[in-house]
Structure formats: C-alpha cells, structure tokens
Amino acid sequence: MNMILKDGTTIPIVDGSYTGAVILICDTRQALIDTRAQLTPDNLAEVRITKDDDTPLNTLHGAVMDSMQVVTNPDGTLTVHFYLSETITGDVPTDAEYALAGKILLGEEV
C-alpha cells in the first residue's frame, strides 16, 4: 500500500484501509523524522491511499494529524501509526471557537 501526498510524494505503508489511521514501518528514527516532516498542512490537503497496484482505496481532503504513535519492534525497526482526521478545509477549530459556537447556540452571543 501507499500513501500519496498532494505534492505527489509516495510513502510506502503497511495499512491504510481504516479511514484515519495510517500504519508504516520505518527502519530508523531519522526515517521517521523525515517521513513526519513531509506531512505538512499543504501536503495533507489531499492524501490518497492506494494498493500497491495503484488501485485507490481512500482519499482524505483537508487532513490534519491528530496524533502519532511509535512502537519499537524487536528487530529495531519502528511501527508508526499516524492518526488523521478529514476536515475538508484543513483547518482545526480551536477551543475558543468551540466555546463561541456553544454561546451562539445558547443565545448568549450573536
């Protein structure tokens, strides 16, 4: 499987069939750092998940990274889980924006 970023960068992955979770193996911590550096807001504007034969599985629009989990394997490689959310715009509301929306819904602010 592959994760293809908006700029065309192809990142080999182990699994990406679950919307929002991408799993890959990195040989070194530097490879992990380099991969993470490619996941910029611009590159996450469109993320395509494909099979090895380029059959499309999923496309995320305006993706943002919620979190990342790294597990060291016995052979020294790293299993990396990137958790992505699709926002359409790529903008993540702040707590202040959520609070303001709540006040508007309650009629406390216009």
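Values in this document were obtained by computation on a predicted structure and should not be read as measured data.

What about the overall build of the protein?
Part 1 of the reasoning: A tally of helices and strands in the protein yields 2 helices and 7 strands.
Part 2 of the reasoning: Reading the helices (α) and strands (β) of the protein from amino to carboxyl end gives β-β-β-α-β-β-β-β-α.
Part 3 of the reasoning: For 110 residues, the compact-globule formula gives about 13 Å, and the C-alpha radius of gyration of the protein, at 17 Å, lies well above that figure.
Part 4 of the reasoning: When the backbone C-alpha atoms are referred to their principal axes, the protein occupies close to 55 × 30 × 20 Å.

As for the pairing of strand β7 (residues 78-86)
Part 1 of the reasoning: Strand direction decides the pairing type here: strand β3 (residues 21-26) and β7, joined by 6 bridges, are antiparallel. Note on β7: the bridge partner recorded for Ile23 is His81.
Part 2 of the reasoning: Where strand β6 (residues 63-72) and β7 come together, 9 bridges link them in antiparallel fashion. Along β7, the bridge assignment pairs Ser67 with Tyr83.
Part 3 of the reasoning: In this structure, the hairpin formed by β6 and β7 is closed by a connection of 5 residues, where Gly76 is found at a positive phi of approximately 95°.

Focus: the nonpolar core
Part 1 of the reasoning: Met3, Val22 and Val47 are the most contacted members of the largest nonpolar core, which totals 18 residues.
Part 2 of the reasoning: Listed by contribution, the elements that provide at least two residues to this core are β3, β4 (46-50) and β7.
Part 3 of the reasoning: Per element, the largest residue contribution to this core is 4 residues, and it comes from β7.
Part 4 of the reasoning: Excluding residues that lie within four positions of it along the chain, Val22 makes contacts with Met3, Ile13, Asp15, Ile49, Val80, His81, Phe82 and Leu84.

Quick notes on the sheet that holds strand β2 (residues 10-12)
Part 1 of the reasoning: What the 4 strands build is an open sheet, ordered β2-β1-β4-β5; its pairing is antiparallel. Only two strands of the sheet have a single partner each, and these edge strands are β2 and β5 (56-61). If you compare each strand with its neighbour and ignore which way they point, the axes differ by 20° on average.
Part 2 of the reasoning: Here strand β1 (residues 2-4) pairs with β4 via 3 bridges, running antiparallel. Of the residues in β4, the one forming a bridge with Ile4 is Arg48.

Considerations on the confidence of the model for the protein
Part 1 of the reasoning: Confidence along the protein averages 88 in pLDDT terms, with 91% of residues attaining 70 or more.
Part 2 of the reasoning: Within the protein, helix α1 (residues 29-38) carries the highest mean pLDDT (97), whereas helix α2 (residues 95-105) carries the lowest (74).

Thoughts on the environment of Gly76
Part 1 of the reasoning: Relative to the helices and strands, Gly76 is located in the loop between β6 and β7.
Part 2 of the reasoning: Sequence separation between Gly76 and Asp27 is 49 residues, and the spatial gap between their C-alpha atoms is 7.4 Å.

Looking at the sheet that holds β7
Part 1 of the reasoning: Spatially, 3 strands are ordered β3-β7-β6 in an open sheet, and the strand pairing comes out antiparallel. For this open sheet the edge positions go to β3 and β6, each flanked by a neighbour on one side alone. Neighbour-to-neighbour, the strand axes of the sheet open up by a mean angle of 20°, direction not taken into account.

Quick notes on the rules
Counting from 1, residues in each chain are numbered in the order their sequence is written. Reporting in this predicted model follows two pLDDT cut-offs: at least 70 for local features of residues, and 80 or more for side-chain atom pairs to be given and counted; totals over whole chains, interfaces and linings ignore these cut-offs and use all residues. With hydrogens and water excluded, all non-hydrogen atoms of the structure serve as input to the side-chain values. Helix and strand assignments come from DSSP, with helices taken as H or I runs of at least 4 residues and strands as E runs of at least 2, each series counted from the N terminus. Every radius of gyration here is taken over C-alpha atoms, with the globule rule written as 2.2 Å times N^0.38, N being the number of residues. For two strands to be treated as a pair, DSSP must find at least two bridges joining them. Definition of nonpolar core: a set of buried residues of the types Ala, Val, Leu, Ile, Met, Phe, Trp, Tyr and Cys, connected through side-chain atoms within 4.5 Å. With a 1.4 Å probe rolled over the protein chains alone, any residue whose accessible area is under 20% of its type maximum counts as buried; one over 50% counts as exposed, and the rest are partly exposed. Only heavy atoms enter the contact rule, under which two residues are in contact if any of them lie within 4.5 Å. Axis lines are fitted through C-alpha atoms, for helices just across the contact stretch, and the angle between N-to-C directions can take any value from 0 to 180 degrees. Values of pLDDT, the confidence the predictor places in each residue, fall between 0 and 100.

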